[in-house]
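Okay, here's what each chain looks like letter by letter:
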Amino acid sequence: MAFLLAKMSVRALWIISYEKGESVAVRFSRRYPTVEQRAKCMAGSLYVSVPEDGTVLQLLLTEMGLSDSDKPYMALRDDCLHQQRSPALELHVEGPSSGRVLWPVLVISQGSLILACLAMVDAPADPRPPLASLFSVSQGLTLLAGLQAFLCGSGSKPDREGLTSRLAMMPSILLQICPLGTPLDIPQLGASSASAMPTPAGTQKQPAWKTGVHRGRAVVNVALTEMVRSMQYGNRNRQDLWDVYGTVTCKCEVEGVLPNVTVTLTLPPNGSPLMDVLVHPCVSSLDASILTAMSVEDCDSSAFSGPYKFPFSPPLEPFRLCSYTSQVPVPPILGTYQLKDDDNQLRITVSLKLHESVRNSFEYCEAHLPFFNRDQMGSVDVKVSSGQLEVSKEKNLLVWVLGQKFPKSREVSLEGSVSFSGEHPGPTDPLCTDLTAYIKLYFRVPDLTLSGCCVDQHSVQVYSSAKPRIVTSRELLSSEYFIWNSTGTAPVSSGHMML
């Protein structure tokens, strides 16, 4: 069985809405310059470039017999010799006699929706290769069929609002399933071996985001990551802010065309419900109450609090199964920061406290104290109660390395003074003038989430011919975690911190 190294690619893709009595429009299009360059090199002097979307629209409607129905007979459109029996169309760019043809343009339609793509032909244009020998045709149609199923959903005709929202997702969808114009995980077969290749897993139909199947040891990896942001001011007149954002990433190496996998997220008995849940399109069903919990609304004690079950048929590449937000009562590390200016030197006082609900076991934990709009640091006379203090090579940043544990008291402090008498000016920042300054925390806590959310490996269900190895993990990461100087001004947000 011979496998070609080249992969099937598409030069361009269009999604068109067509409704009689209403305007026809290209709702979405995507072109791939790298694939177009390959097509140009392959075709040589016979190369035909892809025209503008408006021109493609008119040529496509004419070829499909959908344009100018009220106008007189037109041979190119109405002659019975041109009756279309193939999904691979020819588009005559400059009229039927010019010889400038785009082929094969693959088209499928459902209701008012037309999906088309121009497949890349990795063969000389003259003589034209037989359609049945082109692997790109079957795979291009598979890609279109999958996109059609995504856009139309369970109904034969997509509703306007649903179609608009799904079209808005198309750039990110194509980035995942068709990066640089090449659908992922497609086995490329020579024409001589195509007929010998057995069809995978019976007659199951493959979605566009999974045009190949896994062969080998079965492994399912589920990783839960929560990121916490915080803006702490140490001032009673300013409200501290924090929020938590979680993602579940999966990598499923499971045999079969459409293996079924179910991942379940659970919360502790007193855990806050997950909010703003978004899921990957491969998720087949979901409890409606999971999607209705919004962080912008007051948290209802009767809100759905799990377990959260996500049944899906996974793509082969790693993907984000879902994301969510969570409302936690306190941030993991509380801090205060005070600066006092005293004759070209700053007196610094910092205290940090690890909340009792957070396990005292870090992979790393650092506090960065940058100084802007000043000369380079001269003398640094600063003491820390735990960890070690480092001065950056540029002499504009103090790095407090707290290590992997806070002391038993869960409190640490930094105190001292810094003078700025360096030979060169330090970096500037239009925001951090005078005493406007901040500490930024960087930390990672393995096997912990603030919400308490977790994935039990025994709750991961896989319906496949081979029993897979299940690997689960969770972690807490800091993201934009700031503690502002309480003796200076600081930026204040009047609403929720947006993710």
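Scoring rules and cut-offs
Every chain's residues receive numbers from 1 upward, in the order its sequence appears when written. Thresholds applied to this predicted model are a pLDDT of at least 70 for local features of residues and 80 or more for the giving and counting of side-chain atom pairs; totals over whole chains, interfaces and linings are not thresholded and use all residues. The basis for the side-chain values is all heavy atoms of the structure; hydrogens and waters are excluded. UniProt positions are given in the numbering used here, feature names are shortened, and annotations may be inferred rather than shown by experiment. Under the scheme used here, helices are H or I runs from DSSP no shorter than 4 residues and strands are E runs no shorter than 2 residues, and both carry numbers assigned from the N terminus. We call two residues in contact when some of their heavy atoms are within 4.5 Å. All accessible-area figures derive from a Shrake-Rupley calculation using a 1.4 Å probe, and residue coverage is judged against the displayed protein chains alone. pLDDT runs from 0 to 100 and stands for how confident the predictor is about each residue. We define a salt bridge as a side-chain nitrogen of Lys or Arg found within 4 Å of a carboxyl oxygen belonging to Asp or Glu. To pair, rings of Phe, Tyr and Trp, with the six-membered ring standing in for Trp, must have centres within 6.5 Å; the planes then decide the type, stacked if under 30 degrees apart, edge-to-face if over 60, and tilted in the middle. In this scheme, a residue with accessible area under 20% of its type's maximum is buried, one over 50% is exposed, and one in between is partly exposed, where area comes from a 1.4 Å probe on protein chains only. Put simply, a charge is over a ring when the Lys NZ or the Arg CZ is close to the ring centre, within 6 Å, and near the line of the ring normal, within 35 degrees. DSSP bridges decide pairing: two strands pair if at least two such bridges lie between them. Lines are fitted to the C-alpha atoms to define the axes, a helix being fitted only along its stretch in contact, and any angle between axes, read from their N-to-C directions, falls within 0 to 180 degrees.

The name given to the protein chain in an unreviewed UniProt entry is AP-5 complex subunit mu-1, and the organism recorded there is Hucho hucho. Per UniProt, the protein chain carries the Sequence similarities (unreviewed entry) text "Belongs to the adaptor complexes medium subunit family."

**A word on the overall build of the protein chain**
Secondary structure assignment for the protein chain yields eight helices and 22 strands. The long-range fraction of contacts in the protein chain, counting pairs at least 24 apart against all pairs at least 6 apart in sequence, stands at 75%. Approximately 25400 Å² of the protein chain is accessible, and the part contributed by carbon and sulfur atoms is 52%.

**A short note on the confidence of the model for the protein chain**
Chain-level pLDDT for the protein chain is 82 on average; 82% of the residues reach the 70-or-more range. Here residues 1–6 scores under 50 on pLDDT; set against residues more than four positions off or in separate chains, the count is 14 contacts. Within the model, the stretch residues 495–499 combines pLDDT values under 50 with 15 contacts to residues more than four positions away or in other chains.

**Re the pattern of salt bridges**
One pass over the full model with this rule turns up ten salt bridges. Where Arg11 meets Glu36, a salt bridge forms, and the shortest distance between an N and an O atom there is 2.7 Å. Of this pair, Arg11 sits in strand β1 (residues 10–17) while Glu36 sits in helix α1 (residues 33–43), and the two are 25 residues apart along the sequence. Arg444 is the partner of Glu475 in a salt bridge, and the nearest nitrogen-oxygen pair spans 2.4 Å.

**Observations concerning the packing of aromatic side chains**
By the definition in use, this model includes nine aromatic pairs. Measuring from centroid to centroid gives 6.4 Å for Phe372 and Tyr438, while their planes differ by 40°, and the two rings are tilted. A residue pair is termed long-range when its members are at least 10 positions apart, and Phe372 in the loop between β14 (364–370) and β15 (380–384) and Tyr438 in strand β19 (residues 438–446) qualify at 66 residues. Assigned by exposure class, Phe372 and Tyr438 land together as buried. Between the aromatic rings of Tyr438 and Phe482, the centroid separation amounts to 5.1 Å while the plane-to-plane angle is 85°, which identifies the pairing as edge-to-face. Remark: Phe482 occurs in strand β22 (residues 469–484) and Tyr438 occurs in strand β19; sequence separation between them is 44 residues. Phe482 sits in the buried class, given a relative accessible area of 12%. Counting every residue linked through ring pairs, the aromatic cluster contains Phe362, Phe406, Phe443 and Tyr481. The ring of Phe420 has Arg374 lying over it, and the distance from NZ or CZ to the ring centre is 5.3 Å.

**Some remarks on the sheet that holds strand β4 (residues 101–110)**
Ordered in space as β2-β1-β5-β4-β3, the five strands form an open sheet in which the pairing is antiparallel. The open sheet has two edge strands, β2 (25–31) and β3 (88–92), and neither has a second partner. The sheet shows a mean angle of 25° between the axes of neighbouring strands, direction not considered. Sheet analysis places β1 next to β2, joined by six bridges and oriented antiparallel. Looking across to β2, one finds that Ile16 is bridged to Val26. Across the sheet, helix α6 (residues 170–177) lies against β1 and β2, angled at about 35° from β2, the strand it touches most.

**Here we look at the pairing of strand β11 (residues 319–326)**
Burial analysis of β11 places seven of its eight residues in the buried class, which makes it a mostly covered element. Two elements, strand β7 (residues 241–253) and β11, share seven bridges in a ladder whose sense is antiparallel. Bridge assignment links Thr247 to a residue of β11, and that residue is Ser323. Across three bridges, strand β9 (residues 275–279) lies against β11 in antiparallel orientation. By the bridge assignment, Met275 is partnered in β11 with Thr325.

**Here we look at the pairing of β19**
In terms of burial, β19 is largely enclosed, as seven of its nine residues are buried. By the bridge criterion, five bridges tie β14 to β19 in an arrangement that is antiparallel. When the bridges of β19 are listed, Cys365 appears paired with Phe443.

**A few points about the side chain of Thr247**
Mapped onto the elements, Thr247 comes out in strand β7. Given the relative accessible area of 11%, Thr247 is considered buried. Among all residues touching Thr247, those that are not within four sequence positions of it are Ala223, Leu224, Thr225, Arg320, Cys322, Ser323 and Tyr324.

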